Amino acid sequence: MLNQPVKPVGIVGYGAYIPRYRLPGAEISRIWSHGAERSPVKEKAVPGLDEDTATMSVEAARNALARAQIDPREIRAVWIGSESHPYAVKPTGTIVAEAIGATPATQAADWQFACKAGTEAMQAGIGFVGSGMARYVLAIGMDTAQGRPGDALEYTAGAGGAAFILGPADEAVVVIQRSLSYVSDTTDFWRRPGSHYPRHAERFSGDPGYFGHVIPAAEQMMELMGAQPGDYDHVVVHQPNVKFPVRAMRALGFRPEQWQAGLLVPEIGNTYAGSAIVGLTAILDVAQPGQRILLVSYGSGAGSDAFDLRVTERLLDVQRRAPQTWDYIRRRVVIDYATYARLRGKLATT
Amino acid sequence: MAIATTWRTKRQRYSLEGEVCPTCHQAIFPPRDVCPHCSEPAGPVHTLSGRGEVYSFTTMYNVPRGFEEHRPYTVALVKLDEGPLVTAQLTDVNEQEVQIGMRVEMVTRKLREEGSEGQIIYGYKFRPLLQQSA
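Residues numbered from 1 in each chain as written. Chains lettered and ligands numbered in written order. Predicted model: local features only at pLDDT ≥ 70, side-chain atom pairs only at ≥ 80, totals over all residues. Heavy atoms only, no water.

A. Quick peek at the interface of chain B and chain A. Across the contact, 26 residues belong to chain B and 27 residues belong to chain A. Of the roughly 2,300 Å² buried at the junction of chain B and chain A (both faces included), carbon and sulfur atoms supply 43%. If you sort the residues of chain B by the area they bury against chain A, R11, Y122 and L130 of chain B come out on top, with a joint share of 23%. Between chain B and chain A we count six salt bridges in total. Where K125 of chain B meets D50 of chain A, a salt bridge forms, and the shortest distance between an N and an O atom there is 3.0 Å. Inspection of the chain B/chain A interface yields 20 residue pairs in polar contact (both at pLDDT 80 or more). Looking at the side of chain B that touches chain A, the elements with two or more residues in it are α2 (10-15), β7 (103-113) and β8 (120-128) of chain B. By residue number, the principal contributor to the side of chain B that touches chain A is β7 of chain B, which donates five residues. Among the residues forming the side of chain B that touches chain A, the class breakdown is eight nonpolar, nine polar and nine charged. (Contact = heavy atoms within 4.5 Å. Buried area = accessible area lost by both parts, 1.4 Å probe. Salt bridge = Lys/Arg side-chain N within 4 Å of Asp/Glu carboxyl O. Polar contact = N/O pair within 3.5 Å; in protein donor to acceptor, adjacent residues only side chain to side chain. Helix = DSSP H or I, 4+ residues; strand = E, 2+ residues; numbered from the N terminus. Nonpolar A, V, L, I, M, F, W, Y, C, P; charged D, E, K, R; others polar.)

Set out below in structure tokens:
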């Protein structure tokens, strides 16, 4: 089990980003099943032609900076978790660090662990801040997920994510009381180099993949903390669809009112490395001081990160310093499948 | 855009990094050696707020090479709150909504890609102010 950092660590600023286009699940069903298939989500967020993981990360990072109100030159790591980095070789981290004014005295790198890459960056950030190597670390989980046309995952492969500035707990809007990881070699979803679309192992991605990691990670956290499900005001887990997180949270003993604020997948789809953490931003937009939050991510391949969080008095001061997550969700422009095909580069134009 | 030009101008393109003239105190964008207002040496680095309004605009259907993928798009002269007038694409907007005087804010977006193997060039665009709940 992970040891605790030498110095207590918290989140000093947070920011979300979700692009404005929405593709309804009914539109995908119309194309591939003449409307017979039922979509697992209402709609999913789709990035514009000029958006990618770098640009979306920049906006989320600027929102996090607006809340933290720190000098970006004090950030000592810009770490971006994604499975859709714009370059195969060349870090997204340097682009984001340059755009927010954090260069040159900073670490900058990209993390890859399917949908867990963002929380992996947060775990590393806890180590960096908690050891005293850095006062602040910027950890981001962001994706523009690609779904193979006609594949079951096309309904949910969305776009969006969140940025967190980690720093000393006494400056934090949320204190990280404990974190842990639960990892195994489980091949449930993957993409080989040079392949455009990921592949997945159908039902295997549920159990032992998703449920085989999310549930034990949450159980271990509660056992370590001596906590019961009822001790948490909010719970948010990775959201590949609606069914999986609801089944997992119900099996763990949570109730709908605990997961309501963070369950965004019906509106924006699965934002992959951004999924659990953009749900956390929606919770932080409405949370009250003293409330306790359980965050559990999941990345195929496979593993979960769990975080036990406690909201501080400072949160109320920062909630409205930047656009809230629902400001982005409400900014929706519905598109048809043809526009989606164009925006996502699915048309051969040369 | 050559690699060297891209590299040299990255800060002004990503975050509207300009200058303030130490003599006449006016904002300068893009940064340069001599102040265009008073002809004295230009001043220290100053990042502009990114807020401004549409001064004029046009929608482009015939576009320069490298921008075909994005057509049609709307280009505007944006009068920044600090004074400078910049030319940039508008984004996240329907062209029918654009009006002279419309408030806009800077976002960092992909300007174009140099093919599937070349560099990706990022820079400033402007969008209508994001609507925030009261």
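B. Spotlight on the domain arrangement of chain A. All names here are of chain A. We note that the domain assignment places domain 1 (2-173 + 324-338) and domain 2 (175-317) within chain A. Using C-alpha coordinates to define each centre, domain 1 is positioned 15 Å away from domain 2. Taken together, domain 1 and domain 2 are joined by three salt bridges. Between D305 and K116 there is a salt bridge, with its nearest N and O atoms 3.0 Å apart. At the boundary of domain 1 and domain 2, one finds 26 residue pairs in polar contact (both at pLDDT 80 or more). Secondary-structure elements contributing two or more residues to the side of domain 1 that touches domain 2 are β1 (9-17), β3 (43-46), α4 (117-130), β6 (136-144), β7 (159-168) and α11 (325-330). Per element, the largest residue contribution to the side of domain 1 that touches domain 2 is seven residues, and it comes from α4. (Domains from an automatic or database assignment.)

C. Expanded view of the sheet that holds β7 of chain A. All names here are of chain A. The nine strands lie next to each other as β5-β4-β6-β7-β1-β8-β13-β12-β11, forming an open sheet whose pairing is mixed. Two strands in the sheet have a free side with no partner beyond their single neighbour: β5 (107-111) and β11 (234-237). Taking each pair of neighbouring strands and ignoring which way they run, the sheet shows an average axis angle of 20 degrees. The sheet contact formed by β6 and β7 spans eight bridges and is antiparallel. By the bridge assignment, G141 is partnered in β7 with A162. The sheet strands contacting helix α9 (residues 275-286) are β1, β6, β7, β8 (174-186), β11, β12 (292-296) and β13 (301-311), and the helix crosses β7 at an angle near 65 degrees. (Pairing = 2+ DSSP bridges. Axes fitted to C-alpha atoms, helices over the stretch in contact; angles between N-to-C directions.)

D. Examining helix α3 (residues 92-100) of chain A more closely. For α3 of chain A, the buried fraction is high: eight of the nine residues fall into the buried class. Burial in α3 of chain A covers these residues: T92, G93, I95, V96, A97, E98, A99 and I100 of chain A. Residues of α3 of chain A that are buried sit in contact with α2 (53-68), β4 (75-81), β5 and β6 of chain A together with α2 and β8 of chain B. (Buried < 20%, exposed > 50% of the residue type's maximum accessible area, 1.4 Å probe, protein only.)

E. A look at the packing of helix α5 (residues 206-225) of chain A against helix α6 (residues 243-252) of chain A. All names here are of chain A. Look at α5 against α6: their axes get within 10 Å of each other, and the N-to-C directions meet at 40 degrees. In terms of orientation, α5 and α6 fall into the oblique class. The handedness of the crossing between α5 and α6 is right-handed. Contacts from G206, Y210, F211, V214, I215, A218, E219 and M222 in α5 reach F244, P245, R247, A248, A251 and L252 in α6. Within the contact of α5 with α6, the residues separate by chemical class into eleven nonpolar, one polar and two charged. (Parallel < 35°, antiparallel > 145°, perpendicular 65-115°, else oblique. Left-handed = near helix turned anticlockwise from the far one by under 90°.)

F. Structural detail: the sheet that holds strand β2 (residues 27-28) of chain B. Residue and element names in this part refer to chain B. As summarised here, the arrangement of the three strands in space is β2-β1-β3, forming an open sheet in which the pairing is antiparallel. Looking at strand neighbours, the two that pair on one side only are β2 and β3 (45-47), the edges of this open sheet. Across two bridges, the pairing between strand β1 (residues 17-20) and β2 is antiparallel. Looking at β2, one finds that E19 is bridged to I28.

G. Focus on the environment of S205 of chain A. All names here are of chain A. By the secondary structure assignment, S205 is in the loop between β10 (199-200) and α5. Considering only alpha carbons, one finds S205 and P266, 61 residues apart in sequence, at a separation of 20 Å. Ignoring anything within four residues of it in the chain, the contact list for S205 reads D188, Y210 and F244.

H. Focus on the pairing of β5 of chain A. Residue and element names in this part refer to chain A. As paired strands, β4 and β5 are joined by five bridges and run parallel to one another. Directly across from W79, in β5, lies its bridge partner A109. This β-α-β element, β4 to α3 to β5, shows right-handed connectivity. (Right-handed = clockwise from strand over helix to strand, strands pointing away.)

I. Up close: the packing of aromatic side chains. Going through the model one piece at a time under the given rule, you end up with 14 aromatic pairs over all chains. Between F29 of chain B and Y124 of chain B, the ring centres sit 5.7 Å apart and the planes meet at 70 degrees, which makes this aromatic pair edge-to-face. Placement of the pair is F29 of chain B in the loop between β2 and β3 and Y124 of chain B in strand β8, with a sequence separation of 95 residues. With a centroid separation of 6.3 Å and an interplanar angle of 55 degrees, the aromatic rings of F67 of chain B and Y73 of chain B are classed as tilted. In this structure, F67 of chain B and Y73 of chain B share a single accessibility class: buried. Above the plane of the ring of Y87 of chain A lies K90 of chain A, whose end atom (NZ or CZ) is 5.7 Å from the centre. (Phe/Tyr/Trp six-rings, centres within 6.5 Å; stacked < 30°, edge-to-face > 60°. Lys NZ or Arg CZ within 6 Å of the ring centre and 35° of its normal.)

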